[in-house]
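Structure assessment
So the chains spell out like this:
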Amino acid sequence: MQYLQKIFLISVLFSSMLFCQNSSVSTTALPGKDFPKLDFEKKAQFRVYFPDAQSVTLEGGDGMKNIKSTASKDKDGFWNISTSPLEIGFHYYWLNVDGKRVNDPDTQLYFGYGQPTSGIEVPSGEDFFFEKNVKHGQIIEDGFNSRITKGKRNFKVYLPPGYGSEKLPVLYLYHGTGEDITGWERQGHIAWILDTLLAERKAEKMIVVMDYGVALNPEEEKLADNSSKTVISSRNLDKIFIEELVPYVEKKYKTNGKKAITGLSRGSYQAMLIGVSHPEMFTAIGSFSPVIYGGTEDEPFKELPVDHLLKSRKKPYFFVGIGEKEEARFFGFNEILHDFFTQNNYPYTSYRSAGTYHEWLTWRRCLYEFAQQIFR
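Heads up: these notes are all about the structure in this document.

Calculation rules
- Residues numbered from 1 in each chain as written.
- Predicted model: local features only at pLDDT ≥ 70, side-chain atom pairs only at ≥ 80, totals over all residues.
- Heavy atoms only, no water.
- Helix = DSSP H or I, 4+ residues; strand = E, 2+ residues; numbered from the N terminus.
- Rg over C-alpha atoms; globule rule 2.2 N^0.38 Å.
- Buried < 20%, exposed > 50% of the residue type's maximum accessible area, 1.4 Å probe, protein only.
- Contact = heavy atoms within 4.5 Å.
- Phe/Tyr/Trp six-rings, centres within 6.5 Å; stacked < 30°, edge-to-face > 60°.
- Lys NZ or Arg CZ within 6 Å of the ring centre and 35° of its normal.
- Expected span 1.5 Å × (residues − 1).
- Pairing = 2+ DSSP bridges.
- Axes fitted to C-alpha atoms, helices over the stretch in contact; angles between N-to-C directions.

Right, let's get into the overall build of the protein. Across its full length, the protein carries 8 helices and 18 strands. A compact globule built from 376 residues should have a C-alpha radius of gyration of about 21 Å, and the protein, at 23 Å, falls within 12% of that. Dimensions of the protein along its principal axes, counting C-alpha atoms only, are 85 × 45 × 40 Å. Residues counted as buried form 52% of the 376 residues belonging to the protein. In the protein, 72% of the contacts between residues at least 6 apart in sequence involve partners at least 24 apart.

Below, the structure written as structure tokens:
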């Protein structure tokens, strides 16, 4: 029996040593932390200190729903969690500690699912969203008091390298449900994506306005959280865009009048609503992981006036992108848009992100593709 126990302990030790030798710390780990780690098979290992916990399990967002994990507590009070191979991309995750949701103390926090949430980056072999040795733009914070929502509205602005010497077009960009204006900067790495595209002359210089995707006055905030509330918020966002945001941006920044608009998930609907309601304003409209609110089976575009595109003399470029592994409902919305454009012979680009879910690698890839096509 003792012999078997020794063999078991030696095998565990050997496996741990092998993991360490062939693993790397996630780029989302806090400085100086050794976990979470990923090995060459994309299996992850977490080590968290919860000495009084009776149970610790790993939970996560869309790209981690099919992941299997095991957890064990050592004599020092650390919980060691190992997983099956993870999917590529950036994933939100958290720990269930005795029934309570807790973030991993070893990682940076990102605003997702309506609260600060841990994240892990699983390499896909791409580097288009990495920081490169090129000239860098800057992201600044801005805002104004809105008459429509009766409060302060904050947003972020990307200014490209060398901003100030010429007037530039503006891309207006929206985030998804449960996220905020930090999403495109932190999870999306928009500055690094655009810095590199500009350095490689694959995209035109542009200003990017990352607007907040909720627009409700104090009374509307009290409404139940459902699709009807989202439609109201999106209508308000359209008013804010036309009456407040664009006038503010064009007065303060050096713009040339050209505009494009896009967003992800809920933000895709908001970008489409604003874009198709005012097609003469835009050179391009994008929809990343499309969502359509307020429609019915017989009238899918009940709250989204896409027919304005057909009546407009100006035909903005339209881009529709989706992750290969997204849920069926997103592919349903995607199909509705494809059918509309095909049946009406409206030119558009269809993009599918290989191997990704309803997550940030899908949207980074969509932005990378979209940004190269606009303002040409």
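This is not the end of the story, as more comes after the structure.
Here we come to the environment of Ile322. Of note, Ile322 is situated in strand S17 (residues 317–323). Since its relative accessible area comes to 1%, Ile322 is described here as buried. When the C-alpha positions of Ile322 and Thr362 are compared, they lie 6.8 Å apart, and in sequence the two are 40 residues distant. In contact with Ile322, other than residues within four places in its own chain, are Ser289, Phe330, Phe331, Asn334, Tyr351, Arg352, Ser353, Thr362 and Cys366.

Bringing the packing of aromatic side chains into the picture now. As enumerated under the stated definition, the model contains 28 aromatic pairs in all. Look at Tyr269 and Tyr293: their rings are 5.1 Å apart centre to centre, the planes differ by 80°, and that puts the pair in the edge-to-face class. Of the two residues, Tyr269 sits in helix H5 (residues 266–277) while Tyr293 sits in the loop between strand S16 (284–288) and helix H6 (307–311), which places them 24 residues apart along the sequence. You'll find Tyr269 and Tyr293 in the same group, each marked buried. Its guanidinium or amino end placed over the ring of Phe35, Lys37 lies 5.0 Å from that ring's centre, counting from NZ or CZ. Its end group placed over the ring of Phe78, Arg47 keeps NZ or CZ at 4.1 Å from the ring centre.

Here we come to helix H8 (residues 360–371). Look at H8: 16 Å from first C-alpha to last across 12 residues, which is about the 16 Å you get at 1.5 Å a residue. Of all 12 residues in H8, 11 are buried; the element is thus mostly enclosed. Buried residues of H8: Trp360, Leu361, Thr362, Trp363, Arg364, Arg365, Cys366, Leu367, Tyr368, Phe370 and Ala371, and no others.

All right, on to the pairing of strand S14 (residues 207–211) then. Of all the 5 residues making up S14, 5 are buried; the element is thus mostly covered by neighbouring parts of the structure. Side chains of S14 alternate between two faces, with Ile207, Val209 and Asp211 and Val208 and Met210 buried alike. Bridge count for strand S12 (residues 151–159) against S14 is 3 bridges, and the pairing is antiparallel. By the bridge assignment for S14, Val157 is matched with Val209. Judged from the 5 bridges that link them, strand S13 (residues 168–174) and S14 form a sheet pairing that is parallel.

Pairing is antiparallel across the open sheet formed by 5 strands, whose spatial order is S1-S2-S3-S6-S5. The open sheet is flanked by strand S1 (23–25) and strand S5 (69–73), the only strands paired with a single partner. If you compare each strand with its neighbour and ignore which way they point, the axes differ by 20° on average. Bridge count between strand S3 (residues 43–49) and strand S6 (residues 78–85): 6 bridges; the pairing is antiparallel. Each bridged residue has a counterpart across the sheet, and for Phe46 the counterpart in S6 is Ile81.

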